[in-house]
Structure formats: structure tokens, C-alpha cells
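Close look at the chain arrangement
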Amino acid sequence: MTDSKGGAEPSVPGGTDRADGPLVEVRDVNKHFGELHVLRDVNLTVARGEVVVIIGPSGSGKSTLCRSINRLEPIDSGTILVDGKPLPQEGRDLARLRADVGMVFQSFNLFAHKTILENVTLGPLKVRKESRETVEKRAMELLDRVGIANQAQKYPAQLSGGQQQRAAIARSLAMRPKVILFDEPTSALDPEMINEVLDVMTGLARDGMTMIVVTHEMGFARRAAQQVVFMADGQIVEANSPEEFFTNPQSDRAKDFLSKILTH
Amino acid sequence: MSLSDLLDFGPFFDNIDAILRGFWATIRLAALAGVFSLVIGTVLASLRVSPVPVLRAAGTGYVNIVRNTPLTLVLIMCSLGLNDTLGLTFSDDSGTTYYWWAVLGLSGYTGAFVCEALRSGINTVPIGQAEAARSIGLTFSQSLRMVILPQAFRAVIAPLGSVFIAMIKNTTVATAASYSEVVTEMKTLLDLPSFTSGAIPLFLGVAAGFLILVLPTGYFFGWLAKRTAVAR
Ligand SMILES: Nc1ncnc2c1ncn2[C@@H]1O[C@H](COP(=O)(O)OP(=O)(O)O)[C@@H](O)[C@H]1O
Ligand SMILES: [Mg+2]
């Protein structure tokens, strides 16, 4: 080595490179609502570009787990790391984290007093402080990508449920999040609108977006997910590849649950 | 006293200058108090929904004290207490100073009512709106300013109209703060030795003047409520 400064390694700065570690790590997380123990020692690791589907009976804690990852629900104990960093407490740091973690809700929650375009541009303008010109251009591209560019000037209430949910996905994408959380994104939709939303989500998965999706749509899980996590009574009972989970569930709870949703 | 005396509008029109001057003073007071009470009410409502306990307590304390104090007392405290006794003045001209004390007293008082109307509006905004705002990274104050309050205001425009109508009528109490608006002018006229008949027409005229101020206010707020309603 020709390095003149004796002993100095041509170093990669300290320890593991963040870009290599998992994107989301949930470690030993517990959460109570009063007496109710809704998350029990939950552990979950989501790699970059991975799509994880969370499935399980109603009341098993799927939404709570999802919402605790961007701290819409605070946890009692355990650690949640996003991109190697623990979730901040309330305040500006938390807001900054949330900008990197997208969320799509069952009931869309588009801002009712703003047009679709304004819904999509609000975050990039006010949180990221990008210029209006770039933001609007990107927003229109995103609306085009989810197939509702022609609805940009309308208000949420003027759109169908499927269109609203696609707008909500575009609003989330506009922040260029590292990961997007979906909490039953198709459960409030009429059957004929479910596929237009799932198609958008499948496209995102194919493009390498990291996604955590609470859904009972097995077709989507098979098509897009690398991991299916089965929850019951606040615990992760089983985690496996979609193929394995759906064809060969291990636990009785999972077998029971699958037999119920399959017969319908 | 004859019927012609009762319906003698002569003195009313003879003194129309003083009466119009009084109404102009009323309008100047109401307009500024409208703007200020809106600002004060919005700040108070923001305090009352803030995540910081001290701020919440401050907002709650203010509203409970001011809402339960008679307006006359608030205004007398401003003009006699703060201005005359403590010597807090706005200008060397006493008329100007009393005007500002009347504006502040009335705004501070009305602001508490605006706050409560607004807070009920905040309660009509679905929780999901705030969650969506937080989830795109808006801070608490940004969510409040950009998502919650705009929807809350739209929901309470009609009740706010009632608050403002009450405020316009409350301007008459400002006479207690040594501010001469239309009722002060009216009393001055009535006390003149030369004023012998036409008291009732004078009352009627002033009452009609208030109708002219208040009715359009009511219609305006009704129209605004319809126009800006948020569809869900
Ligand atoms: N804000 C809350 N307050 C009290 N209990 C709650 C709250 N949110 C959820 N729960 C309870 O926590 C449990 C888990 O809820 P949730 O995470 O929504 O389940 P899932 O999404 O799997 O249906 C349920 O029993 C539910 O009733
Ligand atoms: Mg749920």
C-alpha cells in the first residue's frame, strides 16, 4: 500500500452500511389498549424492495402493527427501526420520518377540501419544500400512472372509491417514501373496483417498492408478496412465502382461518 | 301625549347627522372586532387542541373566564382599569384610545365564542383527515393550518354568523368603555333639554339601522356556508 499516513485504513465508515440492512425492523414490540394486550412480542423484518402481506382475523392487531410503524400508534415496549434508525418521539423528527413512510388507509382519507392534484402536491410542497413546478409535474405523472390524470381538478367526493384510493396511493408516492404501509386498502371498495387498486399495487411491487400490506386478497399476496405474515391475538403465529402459507399452513389457527376465507 | 307626537320622526331626521355618525362608529368597531375576534378565536382554538398541556390549559382558562364574565365588565375593565387607572393608552387622543380599548375588549370577548364554535367544527372533521396529514409528514401546526382548520371553518360558518350578529349588537355595550357609538349618540340626544318629543321614532330608527347591519350579515354567512360546504 502506498498510503503515507501510517495505519489509516482506506475505510468504509463505521460498521454495516445502512443501505444493506433491512428497511423495517420490528423487535419485541408490545402494545396495550388499556387492559387489552394487542401486540405481543411482535418481531418482523422487512428487506428493501420486499412486499410483506399481513393477514389474520379481525381484531388480531394487524392495523395496530401497521400504524405503529409510522407511530400513528405509540408502542409500550420494544423497538421499531426504519432504515436502521429508531422511531423518533413526537415532534419534527417524527414528522420527518413519517414523510419517508407512506400510508394508505382503508377509508382513503383524502383531504376533503382539496382537489386531487392539491392532495398529491401538499406534502412535497409543504414538507419537502420542493418547487411548485417540479411538484405539479411529478404529481400529474403519478396521477397518470394510477390512471386518474383526468380527475386532477376534481374533489375527492366526486370520485369513485377505487379512484379515490388510487389518488391516495399517488399522494403517498409523491413523497418518494422508502416504504408504504397499506391498511386494508381494498376493504371499503365495491368488488368491481378492487382490481383497479390491486393492479396499481402490483405495479408498485414490480417496480421494487417496499410495501407492508394488510389484506385478505390472496391473489395479490401470491402475485406480489415475498412474505406472508399470519397474525392472531396480537401475535405473529406464522410467517412464510405465500405459496407455502396458502398451500401448507403450519398452525391450526392459520388452517382454521384459511378454511374460513377460502369457502367464501 | 298625542299620537302625532309618538310618530313624530321630525327629531330623528333633524339629528340624522349625529345618528349616522354614531352608526359609522358602530361599523368601525364591529368591522375591526370581527377581524380580531376571528384571529383571537383561531389562536385560542389551536391552543385548546394543542398536544402541549400548558397551552391547552391556557386556552381553556381564558375561554372559561372570559365567556363567564359580563361584556360590560370586560369593557369597563379595559377602559377604566387598564386605560384610566393603569395608564395604558394607545394615543394622546382619548377618542382614539377608547376606540382601541373597545375593539380589544369586544374582540377578546367575542374571540372566546369564536373559539368554541371553531372547536365544535374541529370535532366534525374525521380523525382520518388528521392521520393522513400526519402520515405525509406535516407537523401538528401544519396539519391544523392546512387540513383541520380549513375544514372546521367551513363546518361552522353558520354558527360563526350567529356569533358575529351577537357581536354587532354587543357593540352597543361599548358605550360603557367610553366609546361613543350609535347608542351613546342616541342617549345624548335624548338627554338634550331641547328634545321634547320623538323618542320612540328615534328608538325605531336606531333599531332599523341595526337591522340593516345585521340582516345582510346573516344572509352573507348563510350564502358562504352553502358555497364552501365540504362534500364527504
Ligand atoms: N384506539 C383503540 N382503542 C382501544 N382499542 C382499540 C383501538 N384500536 C384497536 N383496538 C382494539 O385492538 C385490537 C386490535 O385492533 P386492530 O389492530 O384494529 O385489529 P385488526 O386490524 O387486525 O382488525 C382490537 O381488539 C380492537 O378492538
Ligand atoms: Mg384493521
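Refer to the structure printed above.
Right, let's walk through the structure included here. Here the structure is a predicted model, which means the values were calculated and not measured.

Let us look at the side chain of A:Gln227. Examined against the element boundaries, A:Gln227 turns out to sit in strand β9 (residues 227-232). With residues near it in sequence (within four places) discarded, A:Gln227 still touches A:Leu44, A:Thr45, A:Glu50, A:Val51, A:Val52, A:Val53, A:Ala239, A:Asn240 and A:Pro242.

Moving on: the sheet that holds strand β2 (residues 36-46) of chain A. Residue and element names in this part refer to chain A. In space, the four strands of this open sheet follow the order β2-β1-β4-β5, with antiparallel pairing throughout. Each edge of the open sheet carries a strand with a single partner, namely β2 and β5 (85-86). Both strand β1 (residues 24-33) and strand β4 (residues 77-82) contribute to a ladder of five bridges, which runs antiparallel. Pairing of Val26 across the sheet is with Ile80, part of β4.

The subject of this paragraph is the sheet that holds strand β7 (residues 179-183) of chain A. Residue and element names in this part refer to chain A. The strand order across the open sheet formed by six strands is β6-β7-β8-β3-β9-β10, and the pairing between neighbours is mixed. Each edge of the sheet is formed by a strand with only one pairing partner; in this case those strands are β6 (101-104) and β10 (235-240). Adjacent strand axes in the sheet meet at a mean angle of 20 degrees, parallel and antiparallel pairs treated alike. Examined bridge by bridge, β9 and β10 share five bridges and lie antiparallel to one another. Looking across to β10, one finds that Val229 is bridged to Ala239. Against the sheet, helix α5 (residues 161-173) makes contact with β6 and β7, and its axis sits at roughly 170 degrees relative to β6, the strand it touches most.

Time to look at the pattern of salt bridges. Between side chains of opposite charge, a pair can form as their charged atoms come close. Within the structure shown, the criterion is met by 20 salt bridges over all chains. A:Lys178 is the partner of A:Asp100 in a salt bridge, and the nearest nitrogen-oxygen pair spans 3.7 Å. Remark: A:Lys178 occurs in the loop between α5 and β7 and A:Asp100 occurs in helix α2 (residues 92-100); sequence separation between them is 78 residues. By relative accessible area, A:Lys178 is classed as partly exposed at 30%. B:Glu116 is the partner of B:Arg119 in a salt bridge, and the nearest nitrogen-oxygen pair spans 3.0 Å. One end of the pair is B:Arg119 and the other is B:Glu116, both in helix α6 (residues 94-124) and three residues apart, which spans about a single turn.

Thresholds, definitions, all that
- Residues numbered from 1 in each chain as written.
- Chains lettered and ligands numbered in written order.
- Predicted model: local features only at pLDDT ≥ 70, side-chain atom pairs only at ≥ 80, totals over all residues.
- Heavy atoms only, no water.
- Helix = DSSP H or I, 4+ residues; strand = E, 2+ residues; numbered from the N terminus.
- Contact = heavy atoms within 4.5 Å.
- Pairing = 2+ DSSP bridges.
- Axes fitted to C-alpha atoms, helices over the stretch in contact; angles between N-to-C directions.
- Salt bridge = Lys/Arg side-chain N within 4 Å of Asp/Glu carboxyl O.
- Buried < 20%, exposed > 50% of the residue type's maximum accessible area, 1.4 Å probe, protein only.

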